[in-house]
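Listed below, chain by chain, are the residues.
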Amino acid sequence: MAELLVVRAGALTTVQDRGRPGYAHLGVPRSGALDTAAYALANRLVGNPPGAAALETTLDGVSLRARAAAVVAVTGAPCPVRVCGRPVAWGAPVRLPAGAELEVGRAESGLRGYVAVRGGLAVPPVLGSRSTDLLSGLGPPVLSAGTALPVGPAGPGPVPAADAYGLPAAPSELLLPLRLGPREDWFTAASLAGLWRSAFRVSPRSNRIGLRTEGGPALVRARAGELPSEGMVLGAVQVPPDGLPVVFLADHPVTGGYPVVGVVPAGPALDAAAQARPGMTVRFVRAR
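The model shown is predicted, which means the values in this text are computed figures rather than measured ones.

Caption draft 1: Structural view of the overall build of the protein. Along its length, the protein carries three helices and 20 strands. Dimensions along the principal axes, computed over C-alpha positions, put the protein at roughly 65 × 40 × 30 Å. Here the contacts in the protein between residues at least 6 apart in sequence split such that 78% fall between residues at least 24 apart. When the accessible area of the protein is evaluated, it comes to approximately 12,300 Å², of which 58% is carbon and sulfur surface. Side chains of the protein carry 27 positive and 19 negative charges; the gap between the two charge centres is 3 Å.

Here is the structure:
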């Protein structure tokens, strides 16, 4: 079987696919690629089926050596891409000769990149998914130098990069549409009214579990006490005791006891949240 050898693992590189939905009743998060559009594009560019496993990088990319000839594509956060030291295209299929080294560099904007290889990464699936789940520990471990990644059989030929530039650029601020509920009644009316006028920042403590905010006004509770644990969904905006919203991302816990003020619907806004760097301005707007 063909393999990619990890030469440089980067700050945080994981294997991701479309996740493992349907296991929340067992305490297993969905997981999967955070920027779903960029992940899907990477697979299209190399002719993979939609759910093929790929790599998700964080900020400073990854370096891989092809032990057999391969076709790869890099999408997500724009970055320099080189093969054996020579620049090649970002957002397009690239051929790697056997023994060649692929260098995915530091993101020029945004945060997370995606590296797909024709045939997909054939690491063993767990509960139907090859995704690394940082919260539960399911799936393959976070990549480290020396890891050998098996590559599956090649599918149909690569497709042109015609839609690569249809991906939106990283925004200067993150606008998150919010549908209030189910626990907005736990917060004062004045606090909720102020939420729409307030600016927060992405906290450096953000990760694949959740986008944490800082720098904005704390939401004020209208009632005391604590909730029993209840189910959490992707995009749920939970408010811990410090009053600063946390937006749950792919590796979020399936239950939680802090009140959920609202939910950011899955789609482009959560894809944009995957690319939001610490310090970026975050604003909540009413979902239509």
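Caption draft 2: Broad picture of the sheet that holds strand β7 (residues 86-88). Read across the sheet, six strands follow the order β7-β6-β9-β4-β1-β11 without closing on themselves; strand pairing throughout is antiparallel. Edge strands, defined here as strands with exactly one partner in the open sheet, are β7 and β11 (148-150). Across the sheet, the mean angle separating the axes of adjacent strands is 30 degrees when strand polarity is ignored. The sheet contact formed by strand β1 (residues 3-8) and β11 spans three bridges and is antiparallel. Residue L5 lies in a different strand from β11, and its bridge partner there is A148.

Caption draft 3: Just the pattern of salt bridges, in detail. All chains considered together, the criterion is met by twelve salt bridges. Here R8 ties to E103 by a salt bridge, and the two come within 2.9 Å at their closest N and O atoms. With R8 in strand β1 and E103 in strand β9 (residues 101-104), the pair connects residues that are 95 residues apart, well separated along the chain. What makes E103 partly exposed here is its relative accessible area of 24%. Taken together, the shared-partner salt bridges connect E56, R112, R208 and D251 into one network.

Caption draft 4: Structural detail: the pairing of strand β10 (residues 112-117). Burial analysis of β10 places six of its six residues in the buried class, the great majority of the element. Residues R112, Y114 and A116 line one face of β10 and the alternating positions G113, V115 and V117 line the opposite face, and both faces are buried. Bridge count between strand β3 (residues 54-58) and β10: four bridges; the pairing is antiparallel. Within β10, the residue paired with L55 across the bridge is V115. Pairing of strand β5 (residues 70-76) with β10, which is carried by five bridges, proceeds in the antiparallel orientation. Within β10, the position partnered with T75 by the bridge is Y114.

Caption draft 5: Region of the structure containing the sheet that holds strand β17 (residues 246-248). Reading around the barrel, the seven strands line up as β12-β19-β16-β17-β14-β13-β20 and close back on themselves, with mixed pairing between neighbours. Direction aside, the axes of adjacent strands within the sheet are offset by 40 degrees on average. Of the strand pairs in this sheet, strand β13 (residues 200-202) and strand β20 (residues 281-286) are connected by two bridges, and their pairing is antiparallel. Directly across from R201, in β20, lies its bridge partner T281.

Caption draft 6: Spatial organisation of the state of the cysteines. Throughout the structure, instances matching the rule amount to zero disulfides. C79 takes part in no disulfide bond, and the closest cysteine sulfur to it belongs to C84, at a distance of 17 Å. In this structure C84 comes out as exposed when scored by relative accessible area, which is 55%.

Caption draft 7: Highlighting helix α1 (residues 36-45). When α1 is considered as a whole, its buried residues turn out to be A38, Y39, L41, A42, N43 and L45. On its buried side, α1 packs onto β2 (14-16), β3, β5 and β10. G47 lies just past α1 and shows a positive phi near 75 degrees.

Basis of the calculations
- Residues numbered from 1 in each chain as written.
- Predicted model: local features only at pLDDT ≥ 70, side-chain atom pairs only at ≥ 80, totals over all residues.
- Heavy atoms only, no water.
- Helix = DSSP H or I, 4+ residues; strand = E, 2+ residues; numbered from the N terminus.
- Contact = heavy atoms within 4.5 Å.
- Areas by Shrake-Rupley, 256 points an atom, 1.4 Å probe, with all protein chains shown as cover.
- Lys, Arg positive; Asp, Glu negative; His and termini not counted.
- Charge placed at Lys NZ, Arg CZ, Asp CG, Glu CD.
- Pairing = 2+ DSSP bridges.
- Axes fitted to C-alpha atoms, helices over the stretch in contact; angles between N-to-C directions.
- Salt bridge = Lys/Arg side-chain N within 4 Å of Asp/Glu carboxyl O.
- Buried < 20%, exposed > 50% of the residue type's maximum accessible area, 1.4 Å probe, protein only.
- Disulfide = S-S within 2.5 Å.

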